[in-house]
Every structure is written in structure tokens, then in C-alpha cells.
Amino acid sequence: MAGNETIEALQGAFPKAQVVLPSTDEFSALNTSYFSKVQAELQPRAIFLPKNTEDIVKFIRIIGPYALQGDIKFAVRGAGQQPALGCNNVQDGITVDLRNVTGIQLKDDDATVSIGAGERWGDVYSILQEKGLAVTGSRSSMGGIGGLGLSGGLSFFSTREGFITDNVTNFEVVLASGEVINANIRENKDLLISLRGGGNNFAIVTRYDMRTFKQGRFWGGAVFYFPNSFPSQVEAYVNELHDPEATDETHIMIGAGYSAAFAHVSDIVCMNQVYYTQEVEDPPVLDPYVKMQPQLDQMRSVRMLGLVDAAKEQANQGSSTSRVSYINTTVKADVATLMAAYEIYVNALGPLKSVKGITTSLTLQAYPKSLLDKTASAGGNSLGIDPLDGPLMSILILSFWQNKEDDDKIHSTFKGVIEAIDQDATTRGTAVPYKYMNYAAPFQDPIGSYGEKSKAELQATSKKYDPEGLFQKSVPGGWKLFD
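Since this is a predicted model, take the numbers as computed values, not measurements.

**Topic: the overall build of the chain**
Next up, step 1: Along the backbone of the chain there are 17 helices and 18 strands.
Next up, step 2: For 483 residues, the compact-globule formula gives about 23 Å, and the C-alpha radius of gyration of the chain, at 22 Å, lands near that figure.
Next up, step 3: If you line up the chain on its principal axes, its C-alpha atoms span 65 × 55 × 40 Å.
Next up, step 4: A buried classification covers 60% of the 483 residues belonging to the chain.
Next up, step 5: In the chain, of all internal contacts separated by at least 6 residues, the share reaching a separation of at least 24 is 74%.

The following block contains the structure:
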């Protein structure tokens, strides 16, 4: 079989330890280490473990001819956090696992940090925090660099600093030809803009250079409370977003959901995760989100903390031993629209409460105008969001459950919920096309949601840098440009 020829070619070019085959303990450990256990149901022919950029160049030059004639597919995995099936694993193909492509180096008088594509944010933060620095990265220490760096992304500091992807000042990539190039504001700028939101469609990214900034400790954490207070939280959030004098030092997520673990306390439990990104204890601007009553005082974690601890706390709250799904949409920051979304979601939960291991939440996360305004000065991205449409609100439905037989029930329920939210928002005039790629369900079309102009520019970039379409034809996971 032609696929076997590809594996044999890789085995002839790399040490045995870098081409991991099925029916071995190492293969099993690697293939079951995804955030969502669903990904482990895909069984690649091999897992390739490059150590550096040169290994990836060699891999692309070996696999390219086989892949372009349809003999083999491949996937690229960073940390394996994206739950959409096939984004970071592939059936009967080769999964390129970047975990050993590491390295964290400060340069340019500490104004830039270079991050290997296999790193996780927690290690980046540990190095930066020692120097009183931070970067606009994941809120979870376990998150990988690429999922956010290539799709948009929110951080603790995004209200002040912008999208995560807009803070990537340079991408080092391996093209389909095997050539290594850099994409930044000075060279290959069209590729820079396309990578900022275009996902895995152009190249394998091997290094991310990101802008750093001075950052000390800050105030924040989680508060758990009851649904009778949720409307006041939505109102406070929307009012702040529309306040022209609002601070850019806050980062706020408010949510509600159901978990069997909390059912004895309340059918629906709400959680706010709130941060004020300066070393100010108990800042009044956060009062509406932390002082509602009643609340679950024993679960409250609001305190002064550093970036490392904040990201560890988020990682613990998002840990998984089960099946996971994301699905999202975006609307204008409007109280009536958001409360309607909450009601649509809550009213759909009844049939799901018997699902084993179910935990599900609806989370609101803002795209403030201060965030959207940063894109232009950073050189642009491909997300297609007009800052004049802001402020906007991301609506994420995140779900965990145990058994495969419940997959269809979960997916169909929340597909219906998101479609109903979008329809309601359309009726109210508050709908926004944008779908965030990193939270997208497989059936959603984030690339299309960027708009016709942005999609055409992404397609042009693909044809320029990958003229034979290796990353379109041979990397089936994610969201493609020509579908």
C-alpha cells in the first residue's frame, strides 16, 4: 500500500523513536493525550515527533510527493486542545506531533519572546514572570501556542493588548515546498495577515515571535452564584462595554450551566471569572461581578495573583477526562439578545441532564472596542471584524460528557441552540457573522464568517505559498479555504 511506502520512507530518514507506530505503549500514550477523548478514536498509521525545524523540512519533502498524489494524509498537533474531530489527528494518516519543537527565548532587549511551536503557555509564563513580563497568550497554562496564535484568541490582557494572534509579530514556517520563511510586517506580510486567523491552511508553523510587555501581579479569580443574579451580571457587563470611559484593564467572563456535580446545590449554577490587570486589591470596577448575593463562598477564588497562578487555575477548571465539544457564535453586546441566548440554552438542557458525566456551560466573553481597535495598529488580521461593529460578545457552549452513545444528542441539541440564538439575534438586528475558529464546531464555517473579501485574500495567499494545495488536499482537519 502506498501509505506504507510513506511510513517506510520516514523510517529510513529518521531515528526509530521519532516515527511511532501503532500497537506500542508510546503510541497509545501519545494518541490518548488529547484534551477531548474523541480525538483518540482516530488512529493514524504513525505519529511523527520532529525535534526542530529541520526535521519538519525533511518530513515535508519526504511526504509531499506521496500526499499530493493522494497516497497519505497528515495532521499537525500542538498541544492537542482543540476538540473538533480531526483538527489535530488523522485516521490512517500521519500525525505530526510538535511537542518536542520547543524553546523559549527572550530577544530584542526582552521586547520579544520566541516560542517553539510545541511549547505550552504555562512554561512561557514562568520564564516571563520572573522578569516582570507577560505576553498576550492563553488563559490556561495547558494550552498550546498554535491553536490561539493562528485563530484569534482572548487572554487576560486582551482588553488592553488585543487579540492573541495580533500579538504574534513573526511566524517562522515551513512551506509545502520545504522552504523555511518568516512572515512579519516587513517580509511576506500577506502571509502574516493570513496566518492571523487562517489556521492550518498555509504551512507548518515552527516558531511564534510575540510582543512582550511589563506586567506585575493582578487581581482576579472565580465567583460562583445562582441564576437569579445572572440578569444583573449581563446588564452590568453590557453597560461597561458601552461606557466610553471604561477601563481597558478588565477581563470578564460570565457564564451559566448545568453539572450533575452541582445539581444538589442548584439546577443551574453561574460562574464569573473576572480580572483587573493591575496590582490593585478589590477594585470597585469589579464589584458588580463579585459582590452579588447569595454566592458559593467556599468556591470563591478572587485574590491577588500572578500570571502563572491565574493560568494554572484556569487549566484546573478546564481539565478533562472525557469527551468535549465547543460551539460558538458572536452577537452585538445587547442585554436582550444575551438574555434570550441564556433562556434558549437553559430551556434546551432538560433532555441532557441524564447524560452520564454531563457538565455544560454557556459563557459570554466580550470583544471590547479597545481590543478591536488594536488590530489595525498591529498590521491587520484575517478575521474580518469591523471595529465599528463593536463592542461584540462571544457566546461559547462548552460541554463534557462520558459516553460515545450520547455524542449525537449533545451535538444536535447545541447545534439547535446556536442556530436559535443566531436567528433571534438576526430578528433583533444584533447578529454578527463572525465565528471564532478555536471554539467552532465541525459543521460551522469560521473561514466563511470572515466575509467574502477576507476569504478571497486567504485563498490568494494559499495559491501563492502552496500552489499545489498540499495543506488543502492533504491536511483534512480544521476548516479549509475552498470548501
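**Examining the sheet that holds strand β3 (residues 74-77)**
In a beta sheet, neighbouring strands are held together by backbone hydrogen bonds and run either parallel or antiparallel to one another.
Next up, step 1: Strands sit in the order β1-β2-β4-β3 across an open sheet of 4 strands; the sheet is mixed. A strand with exactly one partner marks an edge of an open sheet, and here the two such strands are β1 (19-20) and β3.
Next up, step 2: Of the pairings in the sheet, the one linking β3 to strand β4 (residues 94-97) comprises 4 bridges and is parallel in character. Each residue of the ladder has a partner; that of R77, found in β4, is D97.

**Quick word on helix α7 (residues 189-198)**
Next up, step 1: Of all 10 residues that make up α7, 7 are buried, and the element is covered over most of its length.
Next up, step 2: Here α7 has its buried residues at L191, L192, S194, L195, R196, G197 and G198.
Next up, step 3: The inward-facing, buried residues of α7 abut α5 (145-149), β8 (168-174), β9 (180-184), β10 (204-214), α15 (446-449) and α16 (452-465).
Next up, step 4: Residue G199 follows α7 closely and has a positive phi angle near 65 degrees.

**Thoughts on the nonpolar core**
Next up, step 1: F74 and F171 are the most contacted members of the largest nonpolar core, which has 94 residues in total.
Next up, step 2: With 8 residues, helix α3 (residues 53-68) is the largest single contributor of residues to this core.
Next up, step 3: In contact with F171, not counting residues within four places along its chain, are G149, L150, T165, I181, N182, A183, L192, L195, R196, V205, R207 and Y208.

**Details of α3**
Next up, step 1: End to end, α3 covers 21 Å across 16 residues, agreeing with the expected 22 Å (1.5 Å per residue, within 8%).
Next up, step 2: Every buried residue of α3 is accounted for by T53, D55, I56, V57, F59, I60, I62, I63, G64, Y66 and A67.
Next up, step 3: Between the side-chain oxygen of the N-cap and the backbone nitrogen of E54 there are 3.2 Å, and the N-cap of α3 in question is N52.
Next up, step 4: Downstream of α3 by a residue or two, G70 has a phi angle that is positive, lying close to 85 degrees.

**A word on the packing of aromatic side chains**
Next up, step 1: Enumeration according to the criterion identifies 22 aromatic pairs in this entry.
Next up, step 2: Ring centres 5.6 Å apart and planes at 70 degrees place the aromatic pair F171 and Y208 in the edge-to-face group. Taken as a pair, F171 in strand β8 and Y208 in strand β10 lie far apart in primary sequence, 37 residues in all. As far as burial versus exposure is concerned, F171 and Y208 are alike and both buried.
Next up, step 3: Their ring planes at 20 degrees and their centres at 5.9 Å tell us that Y345 and F414 sit as a pair that is stacked. In this pair, Y345 sits in helix α11 (residues 335-347) while F414 sits in helix α14 (residues 407-428), placing the two residues 69 residues apart along the sequence.

**Notes on the pairing of strand β12 (residues 250-259)**
Next up, step 1: β12 sits mainly inside the fold: 10 of its 10 residues count as buried.
Next up, step 2: Burial of β12 is two-sided: the residues T250, I252, I254, A256 and Y258 facing one way and the residues H251, M253, G255, G257 and S259 facing the other way are all buried.
Next up, step 3: As defined by bridge partners, β12 adjoins strand β16 (residues 359-367) across 7 bridges and the pair is classed as antiparallel. Counterpart to G257 in the pairing with β16 is S361.

**Comments concerning unusual backbone geometry**
Next up, step 1: The omega torsion across Q293 and P294 is 0 degrees, close enough to zero to call that bond cis.
Next up, step 2: Mapped onto the secondary structure, P294 falls in the loop between α9 (287-290) and β14 (303-305).
Next up, step 3: Backbone torsion omega between G390 and P391 reads 0 degrees, so that peptide bond is classified as cis.
Next up, step 4: Mapping P391 onto the fold places it in the loop between α13 (374-377) and β17 (392-401).
Next up, step 5: Phi is positive for N188, close to 55 degrees, though the residue is something other than glycine.
Next up, step 6: By the element assignment, N188 lies in the loop between β9 and α7.

**Details of the packing of α7 against α16**
Next up, step 1: Packing of α7 against α16 brings their axes to within 10 Å, and their N-to-C directions diverge by 120 degrees. Taken together, the axis directions place α7 and α16 in an arrangement best described as oblique. Crossing hand, α7 versus α16: left-handed. Between α7 and α16, the contacting residues are D190, L191, S194 and G198 on the first element and E457, L458, T461, K464 and Y465 on the second.
Next up, step 2: Counted by class, the contact of α7 with α16 contains 3 nonpolar, 3 polar and 3 charged residues.

**Digging into the pattern of salt bridges**
Next up, step 1: Taken as a whole, this structure holds 20 salt bridges when the rule is applied.
Next up, step 2: Here E161 and R211 are joined by a salt bridge, their closest N and O atoms 2.7 Å apart. Taken together, the positions of E161 in helix α6 (residues 158-161) and R211 in strand β10 put the pair 50 residues apart, joining distant regions of the chain.
Next up, step 3: E161 gets classed as buried once you look at its relative accessible area, which sits at 13%.
Next up, step 4: What makes R211 partly exposed here is its relative accessible area of 30%.
Next up, step 5: A salt bridge links D209 to R207, with the shortest nitrogen-to-oxygen separation between them at 2.9 Å.
Next up, step 6: Here the salt bridges share partners, and the residues they tie into one network are E41, R323, K404 and D407.

Rules and cut-offs
- Numbering of residues begins from 1 in every chain and follows the order in which that chain's sequence is written.
- The predicted origin of the model limits local features to residues at a pLDDT of at least 70 and limits the giving and counting of side-chain atom pairs to 80 or more, whereas totals for whole chains, interfaces and linings rest on all residues.
- In computing side-chain properties, one takes all heavy atoms of the structure into account and sets aside hydrogens as well as water.
- The way it works is that DSSP assigns letters per residue, a run of H or I at least four long becomes a helix, a run of E at least two long becomes a strand, and they are numbered from the N terminus.
- Between the two quantities, the radius of gyration covers C-alpha atoms and the globule rule is 2.2 Å times the number of residues to the power 0.38.
- Summary of the burial criterion: residues with accessible area below 20% of their type's maximum are buried, those above 50% are exposed, and those between are partly exposed, where the area comes from a 1.4 Å probe applied to protein chains only.
- Whether two residues are in contact is decided by their heavy atoms: any pair within 4.5 Å suffices.
- One bridge is not enough; two strands pair if DSSP finds at least two bridges between them.
- Nonpolar cores are built from buried Ala, Val, Leu, Ile, Met, Phe, Trp, Tyr and Cys residues. Side-chain atoms within 4.5 Å join them into one set.
- Multiply 1.5 Å by the residue count of a helix minus one, and that product is the helix's expected span.
- Pairs of N or O atoms are called polar contacts if they sit within 3.5 Å, as long as, within protein, a hydrogen donor faces a hydrogen acceptor (for residues adjacent in sequence, only side-chain-to-side-chain pairs).
- In this analysis, rings of Phe, Tyr and Trp, with Trp reduced to its six-membered ring, are considered paired at centre separations within 6.5 Å, and the interplanar angle assigns stacked below 30 degrees, edge-to-face beyond 60, and tilted for intermediate values.
- Lines fitted to C-alpha atoms define the axes, with helix axes restricted to the stretch in contact, and inter-axis angles between N-to-C directions lie between 0 and 180 degrees.
- To sort the angles, those under 35 degrees are grouped as roughly parallel, those over 145 as roughly antiparallel, those from 65 to 115 as roughly perpendicular, and the leftovers as oblique.
- Helix crossings fall into two classes, left-handed where the near helix is turned counterclockwise from the far one by less than a right angle and right-handed where it is turned clockwise.
- By the convention adopted, Pro, Cys, Tyr, Trp, Phe, Met, Ile, Leu, Val and Ala count as nonpolar, Lys, Arg, Asp and Glu as charged, and the other residues, Gly among them, as polar.
- Salt bridges, as used here, are contacts in which a Lys or Arg side-chain nitrogen is within 4 Å of a carboxyl oxygen on Asp or Glu.

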